[in-house]
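These are the residues of each chain, in order.
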Amino acid sequence: MAAMSDFALSPATLPDLPGIAKVSTAAMIESRHTMSYWMFPPDNENAIYEWRLNGITNTFNNISYCIYTKLVDTKVGKIVAFALWEAPHPPETEEEKAKKEQEKKENGDKDDKLPKGTKAQLLHDFDAETERMRAKYVDREKDYILRAIATLPEYQGKGCASKLLQSGLKKIDAEGAKTWLEATPQGQSLYAKFGWKVVDEIIFDLEKYGCGEWVQRTTVMNRKAQM
């Protein structure tokens, strides 16, 4: 069993993105407590990976305020966990908004690029509700958002997520900034240990989307800087 001394933390670079996409995909299809588990087809892992890699690469290359951090098991040279933080940033200019709209028109309907079998309406509805919550609570010019954190299933329970959180929060606390995230029921207790508190909840009745009798609860959590 690897000790915490066998793990190395560092900012991700472009060659790391396939490894990060593998972690994201593996963690996503593992637990029914993540919304992604219900959105994507369980028998199409390769397609999910390619879609994830494309999105991660686009974020890495085009959104300067999004920061990927990787955790590597140095004994095997493999990325086993990552975190994605959204740093404070100025609001979009009208020119930037117009450019995005033009790109949407040029690229056409992105749904045809989703893995076959994806519940696209659930994906769109959840993204819209998440963004509504962020618009309600987050001051994006001052606050940080933990947009994603994931660990390979075989490395879960070894302190990987805690190591990533400690590293990110050290810098954020030094700035005196607030931090926001959306937590699954599984992750909520870990975040509470680091000082996050529940402020709201996103509730989805997944029976409406053909997922059977399942209600997915996602908690919106806020953390003040620990000085």
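Residues numbered from 1 in each chain as written. Predicted model: local features only at pLDDT ≥ 70, side-chain atom pairs only at ≥ 80, totals over all residues. Heavy atoms only, no water.

Per an unreviewed UniProt entry, the protein chain goes by N-acetyltransferase domain-containing protein and derives from Letharia lupina.

Quantified by volume, the second largest pocket comes out at close to 230 Å³. Lining of the second largest pocket is provided by 13 residues; of these, Ile67, Thr69, Trp85, Gly168 and Lys171 occupy positions nearest its centre. For the lining of the second largest pocket, the secondary-structure elements that each account for two or more residues are strand E1 (7-11), strand E2 (66-73) and helix H6 (160-175). Of the residues forming the lining of the second largest pocket, the biggest block, 5 residues, is contributed by H6. (1 Å grid on protein atoms, 1.4 Å probe; cavity = no way out; pocket = protein on both sides within 12 Å on 5 of 7 lines; lining within 4 Å. Points joined across faces, edges and corners; volume = space filled by probe spheres on them. Helix = DSSP H or I, 4+ residues; strand = E, 2+ residues; numbered from the N terminus.)

We now examine the pattern of salt bridges. Applying the stated criterion across every chain yields a total of 12 salt bridges. Close ionic contact of arginine 147 with glutamate 86 constitutes a salt bridge, the shortest N to O distance being 3.1 Å. Taken together, the positions of arginine 147 in strand E4 (residues 144-151) and glutamate 86 in strand E3 (residues 78-86) put the pair 61 residues apart, joining distant regions of the chain. A relative accessible area of 2% means that glutamate 86 is categorised as buried. Glutamate 175 serves as the salt-bridge partner of lysine 171, at 2.5 Å between the closest nitrogen and oxygen. (Salt bridge = Lys/Arg side-chain N within 4 Å of Asp/Glu carboxyl O. Buried < 20%, exposed > 50% of the residue type's maximum accessible area, 1.4 Å probe, protein only.)

Quick look at H6 now. Helical periodicity: at 3.6 residues per turn, an α-helix aligns residues three or four positions apart in one direction. Under the 1.5 Å per step criterion, the end-to-end length of H6 is 24 Å for 16 residues, consistent within 8% with the ideal 22 Å. In the structure, H6 departs most strongly from a straight axis at leucine 169, where the bend amounts to approximately 25°. Count one or two residues on from H6 and you reach glycine 176, which has phi positive near 75°. (Expected span 1.5 Å × (residues − 1). Bend = angle between axes of the 7 residues up to and from the residue.)

For helix H5 (residues 120-137), built from 18 residues, the straight-helix expectation of 26 Å at 1.5 Å per residue is met to within 8% by its first-to-last C-alpha distance of 26 Å. Along H5, the residues that are buried comprise Ala120, Leu122, Leu123, Phe126, Thr130, Met133 and Arg134. Looking straight down H5, one finds its buried side chains confined to an arc of 160°; they lie on one side. Turned more than 90 degrees away from the buried face of H5, the exposed residues are Ala135 and Lys136. (Arc of directions from axis to C-beta.)

Moving on, we come to the side chain of glutamate 86. At 3.0 Å, the side chain of glutamate 86 forms a polar contact with the side chain of histidine 89. Here glutamate 86 is in contact with Tyr65, Arg140, Asp143, Tyr144, Ile145 and Arg147, once residues within four sequence places are set aside. (Polar contact = N/O pair within 3.5 Å; in protein donor to acceptor, adjacent residues only side chain to side chain. Contact = heavy atoms within 4.5 Å.)

The next thing to look at is the pairing of E3. Where a strand is regular, its side chains alternate between the two sheet faces. With 8 of 9 residues buried, E3 lies mostly within the body of the structure. Of the strand pairs in this sheet, E2 and E3 are connected by 8 bridges, and their pairing is antiparallel. Following the sheet pairing, cysteine 66 is matched in E3 by glutamate 86. As consecutive antiparallel partners, E2 and E3 are separated by 4 residues, and within that stretch glycine 77 has a phi angle of approximately 65°, a positive value. (Pairing = 2+ DSSP bridges.)

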